[in-house]
Amino acid sequence: MPEGPELHLASCYINTVCAGLIFSGKVEKSEVSKNPEVLFESDAYVISATSRGKEIKLTLTPLKEEKNTLPGRGRDREELSQNGLQQPMDLVFRFGMSGSFKFTSAAELPKHAHLRFYTKESPHRALCFVDCRRFGRWEVHGTWQPDRGPCVMLEYEKFRENVLRNLSDKAFNKPICEALLNQKFFNGIGNYLRAEILYRLKIPPFENARTVLEALQHRKQSPDLTLSKKVKLKQENPDLLELCHAVPMEVIHMGGMGYGPEHSDDAAAFEEWLQCYCVPGMRSLRDGNGRTIWFQGEPGPMAPKGKKSRKKHSWVNADPEPPSPKVTKPVPKRSSKGSSSQEKVAKRSGRKKGKELIQGAENAKAHEARKPNTRSRRKASASQASPTNKAPAADRKRQASARRSTGAVTAAPRSRRVKAE
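As annotated in an unreviewed UniProt entry, the protein chain carries the name Endonuclease 8-like 1 and comes from Gopherus evgoodei.

Written out as structure tokens, the structure is:
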């Protein structure tokens, strides 16, 4: 999320790229944006910007045309301007999670350019408010939000006085890590800045905010010290409120953050600058607002109950102390365990398949035994209906004569017995 330094760098970027340029026409808004329409139109106007904490203000100022340039029309336009139809307009932006400004060719607008200001020159160029996540907001005829305190970067003395004067406020009943995100007192401080500030002072993030800040009310330097020594002591031993100003100014002096001439180097320089936020080896917890705070050491007495610290590998290249050599014991490979488990599963599945095959074969045999053998029956009926050994006619005659002769022989003794009787 863009914090105070990023918005200040954005205002400097706008003033740099828009210097000497004249803008013209309507201000265009994308169709998907739910922010209000900017009903501003002028043939010639200029753009300037300023920042305060986590807000940035764009001022659109129409230019008066010379009377001799367009006879009969320039005077009318000047009167329109005096009547208030083309008065300067202030637009106050809050960047949300991913807001930024880009200055590009009108023919190559960024994908998520939700508000566009076009130059009068040809070919046209455009200053665009880009926000891919669409959490950013703008306010037409806007002013600084009244519930935001003085800027930690540009109004340091007012900021310090506002905090120490209001320590009785209920906002300071909370842990110091949560109080630092309260824009009523710490306007411009965000998630990565609070982690870096607390880390440098070795303050536990879940220490009570009032306990930490009350000690600053009684901090006084010796009157015998010279001004140079006082400045040196402040630089060597800054307190929490001084770091709330100094740490954001370090980011501003580092430059870049997407607004430098070479964006590829911005991320590398910022990653190298970070000492705590998302750095490997640091601990992290979610605070009462659900935001992740990174720290080192103990979290403090107001840490959430029952929540364990999370360690996260990040893209940040830290330089931790070299680890001491450790004797590692041989650990069985996971692949062997995996293969043995796979073999067990294969054996079990093989046994199941074998049982299924045996049962299937037995069922098939029983089914075949129950089924009538139609083929054998057909063969038997065919053999009975049409015998294969058909005797010729001569053989049949011989058999018939043989039967007759045997019949005569057997009948003769019977006739003799009858006569004898």
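K.L.:
Is there a simple way to think about the pattern of salt bridges in this case?
P.N.:
Pairing between side chains of opposite charge can happen when the charged atoms of each approach one another. Overall, the coordinates contain 11 salt bridges when judged by the stated rule. Across the salt bridge formed by R116 and E28, the nearest N and O atoms sit 3.4 Å from each other. Within this pair, whereas R116 is found in strand 7 (residues 113-118), its partner E28 is found in strand 2 (residues 28-29), the two being separated by 88 residues in sequence. Classification of R116 as buried rests on a relative accessible area of 14%.

K.L.:
Is there a simple way to explain the confidence of the model for the protein chain in this structure?
P.N.:
For any part of a model where pLDDT is low, the fine detail of the predicted coordinates should not be relied upon. On average, the protein chain scores 79 in pLDDT, and the residues at 70 or more come to 62%. With pLDDT under 50 throughout, residues 66-80 is counted as low confidence; its partners more than four residues away or in other chains account for 7 contacts.

K.L.:
How do you make sense of helix 8 (residues 240-254) when you look at a structure like this?
P.N.:
Since the α-helix turns once every 3.6 residues, residues separated by three or four places project in the same direction. Its 15 residues give helix 8 an end-to-end C-alpha distance of 21 Å, which sits within 8% of 21 Å, the value for a rise of 1.5 Å per residue. Capping the start of helix 8 is the job of one residue whose side-chain oxygen sits 3.2 Å from the backbone nitrogen of L241: D239.

K.L.:
How do you make sense of the packing of aromatic side chains when you look at a structure like this?
P.N.:
Aromatic ring pairs: the centre-centre distance and the angle between the two ring planes describe each pair. Scanning the model with the defined rule gives 16 aromatic pairs in all. Summarising the aromatic geometry, the rings of F95 and F101 are spaced 6.0 Å apart at their centres and angled 50° between planes, so their arrangement reads as tilted. Using a relative accessible area of 0% as the deciding quantity, one classes F101 as buried. Ring centres 6.0 Å apart and planes at 90° place the aromatic pair F129 and W138 in the edge-to-face group. Accessibility assignment for this pair places F129 and W138 in one class, buried. One residue, K57, lies across the ring of W144, its end atom 4.7 Å from the ring centre.

K.L.:
Would you mind showing me how to read unusual backbone geometry here?
P.N.:
Most peptide bonds are trans, and most residues other than glycine sit at a negative phi. Residue P123 is reached from S122 by a cis peptide bond, and omega for that bond is 0°. The phi angle at H141 is positive, at roughly 55°, despite the residue not being glycine. In this structure, H141 sits in the loop between strand 9 (137-140) and helix 3 (156-165). Positive phi, close to 55°, is recorded for K202, a residue that is not glycine. Tracing the backbone shows K202 in the loop between helix 5 (191-201) and helix 6 (209-217). Residue K202 is classed as exposed on the basis of its relative accessible area, which comes to 57%.

K.L.:
Help me understand the sheet that holds strand 7, please; the structure alone is not making it clear to me.
P.N.:
Hydrogen bonds along the backbone pair up the strands of a sheet, which may run parallel or antiparallel. Spatially, 2-7-8-6 is the arrangement adopted by the 4 strands of the open sheet, whose pairing is antiparallel. Pairing within the sheet leaves two strands with one partner each, and these edge strands are strand 2 and strand 6 (100-105). Of the pairings in the sheet, the one linking strand 2 to strand 7 comprises 2 bridges and is antiparallel in character. Across the sheet, residue K29 finds its bridge partner in strand 7, namely L115.

K.L.:
So what exactly am I meant to see when it comes to the sheet that holds strand 9 here?
P.N.:
On the basis of which strands lie adjacent, the open sheet formed by 5 strands has the order 1-3-4-5-9 and antiparallel pairing. The sheet is open, and its two borders are formed by strand 1 (23-26) and strand 9, each paired with just one other strand. When strand polarity is set aside, the average angle formed by the axes of neighbouring strands in this sheet is 35°. Relative to strand 4 (residues 55-62), strand 3 (residues 41-52) is paired through 8 bridges, and the arrangement is antiparallel. Looking at the pairing, I47 lines up with L60 of strand 4. Together, strand 3, strand 4 and strand 5 (89-94) form the strand contacts of helix 1 (residues 4-17), whose direction differs from that of strand 3 by roughly 145°.

K.L.:
What is the right way to look at the nonpolar core in this model?
P.N.:
As a rule of thumb, soluble globular proteins bury nonpolar side chains together. In terms of nonpolar packing, the biggest core is built from 50 residues, with V163, F172, F186, L213, L240 and L241 touching the most fellow members. Looking at this core, the elements that each hand over two or more residues are helix 3, helix 4 (176-179), helix 5, helix 6, helix 8, helix 9 (263-273) and strand 11 (292-295). Examining the composition of this core, we find that 8 residues originate from one element, helix 8, more than from any other. With residues up to four places along the chain from it excluded, the contact list for L241 reads Y156, F159, R160, V163, L164, F186, L213 and L216. Listed in part, the 27 residues of the second largest apolar core include L7, L21, F40 and W138.

K.L.:
Quick question: what am I supposed to make of helix 5 here?
P.N.:
Most of helix 5 is tucked away, with 9 of its 11 residues classed as buried. Residues of helix 5 that are buried include every one of N191, Y192, L193, R194, A195, E196, I197, L198 and Y199, and no others. Backbone geometry just downstream of helix 5 places K202 in the positive-phi region, at approximately 55°.

K.L.:
Explain the packing of helix 5 against helix 8 to me, please; I cannot follow it from the model alone.
P.N.:
Helix-helix packing is characterised by the crossing angle of the two axes and by the distance between the axes. At a closest axis distance of 10 Å, the pairing of helix 5 and helix 8 adopts a crossing angle of 125°. Between helix 5 and helix 8, the angle falls in the class oblique. Between helix 5 and helix 8 the crossing geometry is right-handed. Together, Y192, L193, E196, I197, L198, R200 and L201 of helix 5 and L240, L243, C244, V247, P248, E250 and V251 of helix 8 make up the contact between the two elements.

K.L.:
Even after reading the chapter, I still don't get the packing of helix 1 against helix 8, so can you show me in this structure?
P.N.:
Interaxial distance between helix 1 and helix 8 falls to 9 Å at its minimum, and their mutual angle equals 40°. Taken as axis vectors, helix 1 and helix 8 run oblique relative to one another. For the crossing formed where helix 1 meets helix 8, the hand is right-handed. Contacts between helix 1 and helix 8 involve P5, H8 and L9 from the former and P248, V251 and I252 from the latter.

K.L.:
So what exactly am I meant to see when it comes to a nonpolar patch on the surface here?
P.N.:
Together, M1, M97 and F135 make up a nonpolar patch on the protein surface, roughly 280 Å² of accessible area in all. The residue M1 is located in the segment before helix 1 in this model.

Calculation notes
Sequence order as written defines the numbering, with residues in each chain counted from 1. Where local features are concerned, this predicted model is filtered to residues with pLDDT of at least 70; where side-chain atom pairs are given and counted, the filter is 80 or more; whole-chain, interface and lining totals use all residues. To get the side-chain values, take all heavy atoms of the structure and skip hydrogens and water. Only one rule defines a salt bridge in this text: a Lys or Arg side-chain nitrogen within 4 Å of an Asp or Glu carboxyl oxygen. A helix here means a DSSP run of H or I that spans at least four residues, while a strand means a run of E at least two residues long, and both kinds are numbered starting from the N terminus. Per-residue accessibility, obtained with a 1.4 Å probe over protein chains only, is compared with the maximum for each type, and a residue is labelled buried under 20%, exposed over 50%, and partly exposed between these values. The predictor rates its confidence in each residue with pLDDT, a number between 0 and 100. Only heavy atoms enter the contact rule, under which two residues are in contact if any of them lie within 4.5 Å. Helix span is expected to be 1.5 Å times the residue number reduced by one. Residues adjacent in sequence count toward polar contacts only when both atoms are side-chain atoms; beyond that, a polar contact is any pair of N or O atoms within 3.5 Å, and within protein one must be able to donate a hydrogen and the other to accept it. Between rings of Phe, Tyr and Trp, where Trp is taken as its six-membered ring, a pair exists when centres lie within 6.5 Å; planes separated by under 30 degrees are stacked, by over 60 edge-to-face, and by other angles tilted. Throughout this description, the term charge over a ring refers to an Arg CZ or Lys NZ atom that lies within 6 Å of the ring centre and within 35 degrees of the ring normal. Paired strands are those between which DSSP finds at least two bridges. Angular values range over 0 to 180 degrees, each being the angle between N-to-C directions of two axes fitted as lines to C-alpha atoms, with helices fitted over their stretch in contact. The criterion is simple. A nonpolar core is a set of buried Ala, Val, Leu, Ile, Met, Phe, Trp, Tyr and Cys residues joined through side-chain atoms within 4.5 Å. Under this scheme an angle from 65 to 115 degrees is roughly perpendicular, one under 35 degrees roughly parallel, and one over 145 degrees roughly antiparallel; angles in between are oblique. By definition, any crossing whose near helix is turned counterclockwise from its far helix by less than a right angle is left-handed, and any crossing with a clockwise turn is right-handed. Patch criteria: residues need more than 30% relative accessible area and no salt bridge. Like-charged residues are merged within 9 Å; nonpolar side chains of Val, Leu, Ile, Met, Phe, Trp and Tyr are merged within 5 Å. Residue-level accessible areas treat just the shown protein chains as cover; the underlying method is Shrake-Rupley with a 1.4 Å probe.

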